[in-house]
Amino acid sequence: MTPIEKFRNIAIIAHVDHGKTSLVDAMFKAAHVFRDNQRVQEQAMDSNDQERERGITILAKTTAVHWAGYRFNIVDTPGHADFGGEVERVLSMVDSVLLVVDAFDGPMPQTKFVTRKALALGLRPIVVINKVDRPGARPLWAYDAVFELLMELGATDEQLDFPVVYTSAKLGYALHDVNDNPEGMDPLFDTIAKHCPSPEGSAAEPFQMLVTLMDWSDFVGQIGIGRIFNGTIRVGDPVALVKRDGSIEQHKATMLYGFEGLKRVEQKEASAGDIVAIAGIPDIRVGETIASSLEPKGLPYVDIDEPTISMMFMVNTGPFAGQDGKHTQSRRIRERLTKELQHNVALRVEDTEAPDAWKVSGRGELHLSVLIETMRREGFELCVSRPEVIIHTNPETGEKEEPYEDLQVDVPEAYMGVVMEKLGQRKAEMQDMANELGRVRLHFKIPSRGLIGYRSEALTDTRGEGILNSTFSHYGPYKGEMPGRKNGVLISMDQNEAVGYAIMNLEDRGIFFIHPGMKCYEGMIVGEHCRDSDLVVNIAKGKKLTNMRASGSDDATRLTPPREHTLEQALEYIDDDELVEVTPNFIRMRKKILDVHARKKSERRLEA
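About the criteria used
- Residues numbered from 1 in each chain as written.
- Predicted model: local features only at pLDDT ≥ 70, side-chain atom pairs only at ≥ 80, totals over all residues.
- Heavy atoms only, no water.
- Helix = DSSP H or I, 4+ residues; strand = E, 2+ residues; numbered from the N terminus.
- Buried < 20%, exposed > 50% of the residue type's maximum accessible area, 1.4 Å probe, protein only.
- Polar contact = N/O pair within 3.5 Å; in protein donor to acceptor, adjacent residues only side chain to side chain.
- Contact = heavy atoms within 4.5 Å.
- Pairing = 2+ DSSP bridges.
- Axes fitted to C-alpha atoms, helices over the stretch in contact; angles between N-to-C directions.
- Parallel < 35°, antiparallel > 145°, perpendicular 65-115°, else oblique.
- Left-handed = near helix turned anticlockwise from the far one by under 90°.
- Nonpolar A, V, L, I, M, F, W, Y, C, P; charged D, E, K, R; others polar.

Draft legend 1. Focus on the side chain of His327. Here His327 shows up in the loop between β18 (309–314) and α8 (330–341). For His327, a relative accessible area of 13% gives the class buried. Polar contacts involving the side chain of His327 include one to the side chain of Arg332, which spans 3.4 Å. Ignoring sequence-local partners within four residues, the contact set of His327 consists of Arg332, Glu378, Gly379, Phe380 and Glu381.

Structure (structure tokens):
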């Protein structure tokens with residue numbers, strides 16, 4: 001076994017797309033984790049389908065590499081603030097952090113979010129300025145920007161005296177000095193070995209391990225992953241599970257796993273300082289302690305920030321319910337949400353007065369949309385409402401408060417005016433502005449409500465060239481009414497297949513979201529009206545046929561391509577009286593009340 005002084009437990013934190021997962025790939029290759037002739041996909045740590053499709057890390061993962069007698073336990077953390085619940089708890093497993101920063105972009109909003117958490121825990125960062133091979137790279141400027149960020153976040157003198165390494169994860173090299181000749185990743189490993197402290201704890205003390213991550217195996221059941229703070233454990237040892245409420249259960253460790261590269265390997269024993277996975281304890285939860293059965297003592301757990309966004313999840317009540325998915329009953333949806341709570345600690349699920357609807361709260365739209373996308377891929381059908389921010393009441397003043405976000409917008413100069421105008425309408429306040437190489441970087445403080453529905457609008461306004469990054473900032477004064485969607489929608493009159501001739505004749509009424517031949521039902525949203533009111537349309541009206549023919553009268557129907565919505569775009573688009581219907585193969589938007597007459601009665605009651 002590796003002695004505790006040779007362990008180095010380190011987390012890698014960075015903004016989305018700053019090369020964090022690519023850096024882990026480069027460390028794997030440098031440590032010869034794979035055979036020379038072994039084919040390995042890029043971003044090997046991003047094993048989840050959605051992670052590879054979206055190009056982001058969603059779930060924190062643990063790996064380990066060996067170098068010069070040291071064992072580096074590496075935790076790859078999500079870079080997006082919506083998955084901050086993952087970040088907060090894994091930082092308790094490590095003794096230092098690699099802060100990866102793009103040599104051109106410098107620190108970004110979500111770098112700031114995770115770094116604040118690391119500094120608060122007293123962790124000393126090792127700064128990695130990545131992509132130094134990129135055209136226009138500004139590594140020395142990025143170094144200064146990191147120093148300014150740490151000062152802004154209140155870093156201690158020791159934390160400000162950080163070591164720095166310059167890397168190109170893509171080309172697989174690291175440098176102590178930006179002018180050195182590249183010769184592999186050894187400078188990075190050497191810096192971690194020197195500046196990351198070895199874990200505290202003793203193998204002679206009673207066993208203690210804090211469960212920080214969860215996994216599941218069809219063969220051994222629930223698996224708890226975490227760092228051993230004290231003691232030694234062997235396969236077959238009796239252990240105590242110390243719950244967060246202080247209660248204690250007795251179990252036996254049936255399996256013990258360590259991490260090597262991308263694999264989980266069986267071990268006979270493990271001791272203080274290592275990060276391992278233990279099986280044999282059913283119903284284990286994140287934040288609980290696995291301890292010695294003779295002296296069971298719980299470990300303190302890092303508190304997770306509260307959710308800021310909530311949505312209603314409900315059973316699909318549309319006419320097409322059950323035609324596409326396997327799991328449609330309320331019982332199955334409830335079970336799936338309960339299972340998610342076991343490892344997704346930043347999520348909250350509350351029952352409502354309706355037996356087939358639940359209020360689900362999370363850290364942001366992306367946090368909840370990833371859960372919805374995962375469920376639909378597992379065969380679930382459900383309806384979800386528009387995201388709403390969670391309003392707090394200040395206990396001292398009794399006034400309403402809402403969540404605010406730090407928003408950073410990078411746009412070409414030509415589109416700066418329209419972005420500032422739209423964000424001004426959404427109660428955003430500008431904090432800072434910088435012009436860099438023809439692009440303008442704008443910083444805003446904006447209520448989270450103001451961002452709902454704005455991202456897709458910003459892409460249209462900036463012709464796809466605008467980049468928005470935001471992270472939760474604080475709770476502040478409630479800003480009152482917020483402008484919503486300006487246009488009404490086109491609603492299907494009855495259940496039928498859409499006809500190209502009908503769509504062509506209705507194109508002057510708005511933009512359609514459907515193709516000819518697509519099945520629609522009464523109350524389903526099929527397009528956007530050109531006015532601010534809703535319009536019920538007959539999308540199945542065919543052409544009257546006669547026995548008369550004239551030259552040119554039967555020209556082919558020419559249609560404008562429909563506007564299709566992803567799940568996130570649909571959630572942003574809908575209004576308060578609308579739902580998104582999610583099935584394994586379809587994403588439809590619909591009115592909450594499908595029948596047109598019942599809908600009008602409901603509107604009249606609300607007006608009265």
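Draft legend 2. Broad picture of the environment of Gly224. Mapped onto the secondary structure, Gly224 falls in strand β9 (residues 221–230). Relative accessible area serves as the criterion here: at 0%, Gly224 is assigned to the buried category.

Draft legend 3. Spatial organisation of the sheet that holds strand β33 (residues 535–537). On the basis of which strands lie adjacent, the open sheet formed by 4 strands has the order β30-β32-β28-β33 and mixed pairing. With one partner strand each, in any of the chains shown, β30 (510–512) and β33 form the two edges of the open sheet. Sheet twist, expressed as the average angle between the axes of neighbouring strands with direction ignored, equals 30°. Alignment of strand β28 (residues 489–492) against β33, held across 3 bridges, turns out to be parallel. By the bridge assignment, Ser492 is partnered in β33 with Val537.

Draft legend 4. Structural view of the packing of α8 against helix α9 (residues 365–377). Contact geometry of α8 with α9 gives a least axis separation of 12 Å together with a crossing angle of 130°. Taken together, the axes of α8 and α9 are oblique relative to one another. Crossing of α8 over α9 shows right-handed handedness. Where α8 abuts α9, its residues Ile333, Arg336, Leu337 and Glu340 lie against Leu371, Thr374 and Met375. Partitioned by chemical class, the residues of the contact of α8 with α9 number 4 nonpolar, 1 polar and 2 charged.

Draft legend 5. Just the environment of Val440, in detail. Its location among the elements puts Val440 in strand β26 (residues 439–447). For Val440, a relative accessible area of 2% puts it in the buried group. Taking C-alpha positions, Val440 is 9.2 Å from Tyr415, a pair spaced 25 residues apart along the chain. Not counting the four nearest positions on each side in its chain, Val440 is found in contact with Val409, Asp410, Val411, Glu413, Met416, Met433, Ala434 and Asn435.

Draft legend 6. Up close: helix α1 (residues 20–30). Within α1, 8 of the 11 residues are buried, which leaves the element mostly enclosed by the surrounding structure. Among the residues making up α1, those that are buried are Lys20, Thr21, Leu23, Val24, Asp25, Ala26, Met27 and Phe28. Following α1 by one or two positions, His32 adopts a phi angle in the positive range, close to 55°.

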